Amino acid sequence: MKTVSSEINLPETEKSILTKWEKTNAFAKQNERRKGAKEFAFYDGPPFANGLPHYGHLLTNTIKDVVPRYWIMKGYKVERRFGWDCHGLPVEFEIEKTHNLKGREDILSLGVEKFNELCKTSVSHFTKEWQRTITRLGRWVDWNNQYRTMDLHFMESVWWVFAELFRKDLIYQGFKVVPYSPRTGSVVSNFEANQNYKVVQDPAITVKFREKGTKNSYFLSWTTTPWTLPSNLALAMGPKVSYSKIYIKSKDEYWTLATERIEALCQKVFAGQKDFSTEYEIIATYFGEELVGQEYECLFPFFSTTKNAFRVVNADFVQLSEGTGIVHLAPAFGEDDFFACKKEGIELVDPIDDSAIFTASCPDYAGLYIKDADKKIIKDLKTKEALLLHETINHSYPFDERTDTPLIYKAVPSWYVAVEKILPRLCANNQKINWVPAHVKNGRMGSWLENARDWAISRNRFWGTPLPVWICKEDKEHLEVFASIKELAERSGQKIHDLHKDKMQKIAFACHKCSGEMACVDFVFDCWFESGSMPYAQNHYPFENRDFFQDNFPADFIAEGLDQTRGWFYTLTILSAALFDQPAFKNVIVNGIILAENGEKMSKRLKNYPDPMEVVKKYGADAVRLYLLHSPAVRADDLCFKEAGVELVLRQIMIPLWNAYSFFITYATIYQWKPPEDGIDRANQRPDAVIDRWILSKLNQLVKEVEEGMDDYDLSRAVEPFIGYVDLL
């Protein structure tokens, strides 16, 4: 046995080990030894290929290394492929910034083909840095067998997934109110919309809607979005809510609002008066259901001819915590508004373009951005004597996480997966999964699934897998869906080498049902649909590897952060349930979010965290790995990252472990002791010395407890005994 120094530079020692692994081709040899062994199926979720790894990635990649290594040690073969999420807005927005493009119109002027080429080139920019970081972390990955969502075979399998869902009647096209980014001109998923709320200041106005056929009788409604008033089409009241018509003596007007809100409103209108109750008199009280159908005059003339509009409707979503208890409905800009108006046969109107600029349909505000139009709209309401109160409020509002610009809720045409049709299957499959920690199953994930809505899977963007749908220009009811390259090639008579949008939009052919021409729809898939398709697409299923996939689905294990209950975990679950009525995975470790030391979100702009690779360079990857594994983060709790915590692991665990090894080597050398070749010291299996028997007992206890923890995918239970054992040494 070689003697070692008690002094050690762990980061440099790790580098020498990495060099030895590379020279001896250790990873490939390990895989070769497991050839023919039973497979342990592991899926690696694809990170976006447009940024560098952060601490969250270090944590998930540590988990993704530890668990497969364990099952390989248990005799299984584990395929460890790395994947890349290459499409979507993150990449597009990076190109926009780099090339000073200001949005959709600039991209179209540049040309979709050139724009997509720029996106494709940019994707490989960070891949080498990722490979260096993950390798330095000590994770073993088959870098020669990666999958990329932009590759032809991956995209073809995504087409197959969509076609299968279409065949099962789980795909439809329609309008739906969804989070929308005017800056990028595209839909944002509900998951993404919840990631970046900010406190903003907005106008809060109370507006008077004159009852039809009266001179001085009004319905009162409160809104924080004056820009939606030009497209108002109805007023909503709660059917069982009490409403009162009050007479305002000083104004000679009648106001109708929720009885419960009268005092709060009058206190503001008649501020400064000691006894404002003398200012009004309750004339009549009704339930909301008694006022259904009452008509009012439209505030603006732009959509005055809309059928069934400008009347009172009932809705259960009306709340009395603020405002007047009467909700103004603009069906293009609110989910509740949309469904309430649809139920009443009121068609939506949308006076803004993709960038949230008023169009010529509202000539008074044409060319104005919606928030810039607020002031003019409020001024016009005042001129019309329709403005009762003008206040300012601070409230929480969603922002686009990528552009840091405000989102709106907007009715957009999109293609949807009919998730609500398969809700019982989603929930049932979720119960088959071993969630670690267990509370995620029926907590965050379970409640999200129970309330799942139909999923908007199309984006009106450029860099992505286009939907495999061709529609006739003469009759929108004539459409064809393609499940493969072969199908499209045979139908179009063209050779297909690339499925990206710029190539597909050049493919047209005659409609079978009429004299029209079939053209590809102007949509690409939401990148979450692609990542949710990775179990099939990484293997080019069903076109190749059919037996391999079927033998190894669902996956034995996956791991990602808690935020993926709304992301990858969710999309995997939807697609696997829709396609095979199975969960996509059997076991999942959910880690928490890594925050800055002060508890804030880690921010490059604020520079509130140390560079991950500098920390690895200073203390070693093993110290970082153990710090993360021995933290609340492996139990789906948040971790405030402290560099001092990594240093503590180094001083209290890593160095003492090395010192124990150095001590052992020193005396083994003195006494010329050598371990047996098979690792079993048969002469001392039952030593006489109590201390020796105690050591063996503790060792066997350690093995047992670590195995139990790892078998249950409970890393806390697996790591804790190791920490205690080092302390005993």
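Residues numbered from 1 in each chain as written. Predicted model: local features only at pLDDT ≥ 70, side-chain atom pairs only at ≥ 80, totals over all residues. Heavy atoms only, no water.

## Some points on the environment of Asp638
Tracing the chain through its elements places Asp638 in the loop between helix H23 (621-629) and strand E28 (639-640). Measuring from C-alpha to C-alpha, the distance between Asp638 and Ile594 comes to 5.9 Å, with 44 residues separating the pair along the chain. Sequence-distant contacts of Asp638, that is, excluding residues within four places in its chain, are made with Gly592, Ile593, Leu595 and Pro632. At 3.3 Å, the side chain of Asp638 and the backbone nitrogen of Ile593 are in polar contact. (Helix = DSSP H or I, 4+ residues; strand = E, 2+ residues; numbered from the N terminus. Contact = heavy atoms within 4.5 Å. Polar contact = N/O pair within 3.5 Å; in protein donor to acceptor, adjacent residues only side chain to side chain.)

## Topic: the sheet that holds strand E10 (residues 242-248)
Overall, mixed pairing links the six strands, which are arranged E12-E10-E11-E8-E7-E15 in an open sheet. One side of each edge strand has no neighbouring strand; the edge strands of this open sheet are strand E12 (280-287) and strand E15 (387-398). Here the average twist between neighbouring strands, direction ignored, is 25°. Strand direction decides the pairing type here: E10 and strand E11 (residues 253-258), joined by six bridges, are antiparallel. Following the sheet pairing, Ser244 is matched in E11 by Leu257. Each of strand E7 (197-210), strand E8 (217-223), E10, E11, E12 and E15 touches helix H10 (residues 262-269); the most contacted strand, E15, lies at about 110° to it. Sheet strands in contact with helix H12 (residues 370-383) are E7 and E15, and its direction is about 25° off that of E7. (Pairing = 2+ DSSP bridges. Axes fitted to C-alpha atoms, helices over the stretch in contact; angles between N-to-C directions.)

## Quick look at the pairing of strand E26 (residues 587-591)
Taken across its five residues, E26 has five buried, putting it largely inside the fold. By the alternation rule, side chains of E26 split into Asn587, Ile589 and Asn591 and Val588 and Val590, which are all buried. Across three bridges, the pairing between strand E17 (residues 434-436) and E26 is parallel. The residue bridging Asn434 from the neighbouring strand is Asn587, located in E26. Where strand E25 (residues 558-561) meets E26, four bridges bridge the pair, whose relative direction is parallel. Pairing of Glu560 across the sheet is with Val590, part of E26. What joins E25 to E26 is helix H21 (residues 568-580), and the crossover it makes is right-handed. (Buried < 20%, exposed > 50% of the residue type's maximum accessible area, 1.4 Å probe, protein only. Right-handed = clockwise from strand over helix to strand, strands pointing away.)

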